[in-house]
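# Commentary on secondary and tertiary structure
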Amino acid sequence: MDGNPGTRAGMDEVFKALADPSRRALLDSLNARNGQTLRELCAGLDMTRQSVSKHLAVLEEAGLVATVRRGREKLHYLNAAPVHEIAHRWISRYDRARVQALADLKLALEETPMDAPTFVYTTYIRTTPQKLWQALTEPAFTRRYWATEFTTDWSVGSPMTWDNHGVLISDPEQVVLEAEPYSRLSYTWHAITPELAKRFGWDEELLARLSGEARSKVTFTIEEAAAQVVKLTVVHDGFEPGSSMAEMVSHGWPNVVASLKSLLETGEPLPEDA
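Residues numbered from 1 in each chain as written. Predicted model: local features only at pLDDT ≥ 70, side-chain atom pairs only at ≥ 80, totals over all residues. Heavy atoms only, no water.

## Focus: the confidence of the model for the protein
Close inspection of predicted coordinates is inappropriate for parts of the model with low pLDDT. Our working rule: Confidence per residue, as judged by the predictor, is encoded in pLDDT with a range of 0 to 100. Contact between two residues is taken to exist if any of their heavy atoms lie within 4.5 Å; hydrogens are not considered.
Taken residue by residue, the protein gives an average pLDDT of 86. The fraction at 70 or more is 84%. This stretch, residues 93–104, has a pLDDT under 50; its non-local contacts, to residues over four places away or in other chains, come to eight contacts.

## Notes on the side chain of T118
How we decide: Helix numbering and strand numbering both begin at the N terminus, where a helix is a DSSP run of H or I of at least 4 residues and a strand a DSSP run of E of at least 2. Summary of the burial criterion: residues with accessible area below 20% of their type's maximum are buried, those above 50% are exposed, and those between are partly exposed, where the area comes from a 1.4 Å probe applied to protein chains only.
By the secondary structure assignment, T118 is in the loop between helix 6 (100–110) and strand 3 (119–125). Residue T118 is classed as buried on the basis of its relative accessible area of 13%. The contact partners of T118, leaving out residues within four places of it in the chain, are Y77, V235, H236 and D237.

## Some thoughts on the layout of surface pockets
We apply this condition: As defined here, a cavity is a set of points on a 1 Å grid over the protein atoms alone where a 1.4 Å probe fits but cannot get out. A pocket is an open set with protein on both sides within 12 Å along at least five of seven lines, and residues line them when an atom is within 4 Å of a point. Grid points are joined across faces, edges and corners, and a volume is the space filled by probe spheres set on the points. Amino acids are sorted into nonpolar (Ala, Val, Leu, Ile, Met, Phe, Trp, Tyr, Cys and Pro), charged (Asp, Glu, Lys and Arg) and polar (every other residue, Gly among them).
For the largest pocket, the calculated volume is near 810 Å³. Around the largest pocket, the lining is made up of 30 residues, and of these W146, H165, F200, G252 and V256 lie nearest the centre. Here the element with the most residues in the lining of the largest pocket is helix 11 (residues 244–266); it accounts for nine residues. Of the residues contributing to the lining of the largest pocket, the split by class is 18 nonpolar, eight polar and four charged.

## A few points about the pattern of salt bridges
Condition: A pairing counts as a salt bridge when a side-chain nitrogen of Lys or Arg comes within 4 Å of a carboxyl oxygen of Asp or Glu.
Counted according to the given criterion, the structure contains 10 salt bridges. Between E60 and K74 there is a salt bridge; the shortest N-O distance is 3.8 Å. With E60 in helix 4 (residues 49–62) and K74 in strand 2 (residues 73–78), this residue pair connects regions lying 14 residues apart in the sequence. For E173, the salt bridge is made with R215, and the minimal N-O distance between the two is 3.5 Å. One end of the pair, E173, is in the loop between strand 6 (167–169) and strand 7 (176–180); the other, R215, is in the loop between helix 10 (204–211) and strand 9 (217–226), with 42 residues separating them in the sequence. Here the salt bridges do not stand alone but share partners, grouping D171, E173 and R215 into one network.

## Some remarks on the nonpolar core
The condition is simple: What makes a nonpolar core is a set of buried Ala, Val, Leu, Ile, Met, Phe, Trp, Tyr and Cys residues whose side-chain atoms join them at distances within 4.5 Å.
If you look at the biggest cluster of nonpolar residues, it comprises 45 residues, and the most contacted ones within it are L132, W146, Y187, F220, L232 and W253. With nine residues, helix 11 is the largest single contributor of residues to this core. Judged by nonpolar contacts, the second largest core, of 21 residues, contains L45, A62, L64 and V65.

## Regarding helix 8 (residues 139–146)
Put simply, the rule reads: Here, the arc refers to the directions that run from the helix axis to the C-beta atoms.
When we look at burial in helix 8, the residues that qualify are T142, Y145 and W146. The buried residues of helix 8 occupy one face: seen down the axis, they fall within an arc of 85°. Contacts made by the buried residues of helix 8 are with helix 7 (129–137), strand 4 (148–151), strand 5 (161–164), strand 8 (184–188) and helix 11. Following helix 8 by one or two positions, A147 has its phi on the positive side, about 55°.

## Brief notes about the sheet that holds strand 4
Note the threshold: Between any two strands, at least two bridges found by DSSP are needed for them to pair. The axes used here are C-alpha line fits, helices contributing only the stretch in contact, and every angle between their N-to-C directions lies in the interval 0 to 180 degrees.
Spatially, the three strands line up as an open sheet ordered 4-5-6, and their pairing is antiparallel. Looking at strand neighbours, the two that pair on one side only are strand 4 and strand 6, the edges of this open sheet. If you compare each strand with its neighbour and ignore which way they point, the axes differ by 15° on average. In this sheet, strand 5 lies alongside strand 4 in antiparallel orientation, the contact comprising four bridges.

The structure is reproduced here in structure tokens:
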């Protein structure tokens, strides 16, 4: 498996995986409630455990489902990356109305309702773990695909100052949680400030709602998938049920990661309006 939906082999696997009604039923189940165990998925569908396991394996191979370990449990999540990348390929070239069905599927996968929200996104990038680590930590990279820079020494427990789209954000609870070069990076999400709200045009009600939420965290896991191909998994969690921030990052991360992938593979990030 190529592992990259941008290639013909990768796209073929995505479409083959989506063609089966039982696999679509599994995706529907995860769309209704993300982060289910195999047992939970079996309980909600008229399929044997063996059938569910086989279908999940196909969906994982196509990149449509991502998994995260929590203790001894394996949780399954919808992964929007393959459809997002395919949609970018065609929606950017043709009139949106001609591919409305594909766009609707993209939105369905990205706008997953979550009871206790955890965002999981997996993609494959033609690069090395070293270059991907640079792209996640060094301002020369982050400002190009994210319009964001971090000031920190990347030691566990160290504070982080964010320059987010020209707004400086400093807070004692903005810290590095994990930093294993070339394999794993985790930090708390930035504070919400009036300056940031002004930059993005948020009204006072949204600012108050976001400011009142518990701080979340993001974790990047880097794994070598093949020669010069790296698997990147982004997990953003720590949200409260009904979190406004969770809804916002579920829209934002697919674009950020797609632009990161484009920068590393082509030397240019995606256009801001892509």
